[in-house]
Amino acid sequence: MTLVTLTVNDEKSTVEAPPMKRLLDVLREDLHLTGVKEGCGEGECGACAVIMNGDLVNSCLIPILQTQGAEITTIEGIAIDKNLHPIQQCFLEQGGAQCGICTPGMILATYHLLENIPQPTLLQIQEGLNGNLCRCTGYMRIFNAVHAAAAKATLRSETQ
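Residues numbered from 1 in each chain as written. Predicted model: local features only at pLDDT ≥ 70, side-chain atom pairs only at ≥ 80, totals over all residues. Heavy atoms only, no water.

Turning our eyes to something else, we now look at unusual backbone geometry. With a phi angle near 50°, Asn53 is a residue other than glycine that sits in the positive phi range. For Asn53, a relative accessible area of 49% gives the class partly exposed. Not every positive phi belongs to a glycine, and Asp81 is a case in point at roughly 50°. Here Asp81 shows up in the loop between strand S5 (71-73) and helix H2 (86-94). You can call Asp81 exposed: its relative accessible area is 69%. (Buried < 20%, exposed > 50% of the residue type's maximum accessible area, 1.4 Å probe, protein only. Helix = DSSP H or I, 4+ residues; strand = E, 2+ residues; numbered from the N terminus.)

Chemically, a disulfide is nothing more than a covalent bond linking the sulfur atoms of two cysteines. Summed over the entire model, instances satisfying the criterion amount to zero disulfides. Cys134 takes part in no disulfide bond, and the closest cysteine sulfur to it belongs to Cys102, at a distance of 3.8 Å. Cys99 provides the cysteine sulfur closest to Cys136, a residue in no disulfide bond, and the two sulfurs are 3.8 Å apart. Taking relative accessible area as the criterion, Cys136 reaches 37% and is therefore assigned partly exposed. (Disulfide = S-S within 2.5 Å.)

To continue, consider the packing of aromatic side chains. Summed over all chains, the structure comprises one aromatic pair. Note on Tyr139 and Phe143: the rings are 6.1 Å apart at their centroids and 25° apart in plane angle, and the pair reads as stacked. Overall, the relative accessible area of 9% leaves Phe143 in the buried class. (Phe/Tyr/Trp six-rings, centres within 6.5 Å; stacked < 30°, edge-to-face > 60°.)

If you walk across this open sheet you meet the five strands as S2-S1-S5-S3-S4, and the pairing is mixed. For this open sheet the edge positions go to strand S2 (11-17) and strand S4 (55-58), each flanked by a neighbour on one side alone. The average undirected angle you get between the axes of adjacent strands in this sheet is 40°. Judged from the two bridges that link them, strand S1 (residues 2-8) and S5 form a sheet pairing that is parallel. Residue pairing for S5: Thr7 is matched across the bridge by Glu71. The strands touched by helix H3 (residues 103-116) within the sheet are strand S3 (49-52), S4 and S5, with S3 carrying the most contacts at an inclination of about 35°. (Pairing = 2+ DSSP bridges. Axes fitted to C-alpha atoms, helices over the stretch in contact; angles between N-to-C directions. Contact = heavy atoms within 4.5 Å.)

Quick look at the structure:
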C-alpha cells in the first residue's frame, strides 16, 4: 500500500492504495466520484477520461502512484456552483447524451478542446474527440453540442 496525495476537483485528497491501482478505481471506489465510467478498461473508448495536469487522459491506464501531486478534474469538477456547465447543458439540449456511458468523457474532451481551441472547425472537433467512442448517437448530435458550446462561450465572452 502507498499513500498518494492529489488534488481532485480543487480538493486535496490523500488515498491509501496499492501503487498499481488504477486512477479510475480510486476515483470511483475511494473518492466516490462515479461520473467517471469504465467502458473498455483498455484506454480505447474514452469513457474514463479525466483531465490530469491539463492533459486529457484515460484514467483506466494511469496507476495511482503516477498521480502523486497531480491535479485531476472529473466531470463532477466542471459544474459551476452545482449547476450544469454550459457544455453539459449543450449536450443535453442537442441530444448529445443518450445512454450516458461515453458522456462524461465526451464532455471532458470537449472542455479540453474548447480550452485550447475556442472556435473549432468540424475537423478540429473530430480530432479533439478522437479516442472517445459512442455507440448510440452517430456523433452528429455530439458535434452539434460542441458547436453550440463554442457559440455560447463566444457570446458569454462578448457580453463580459
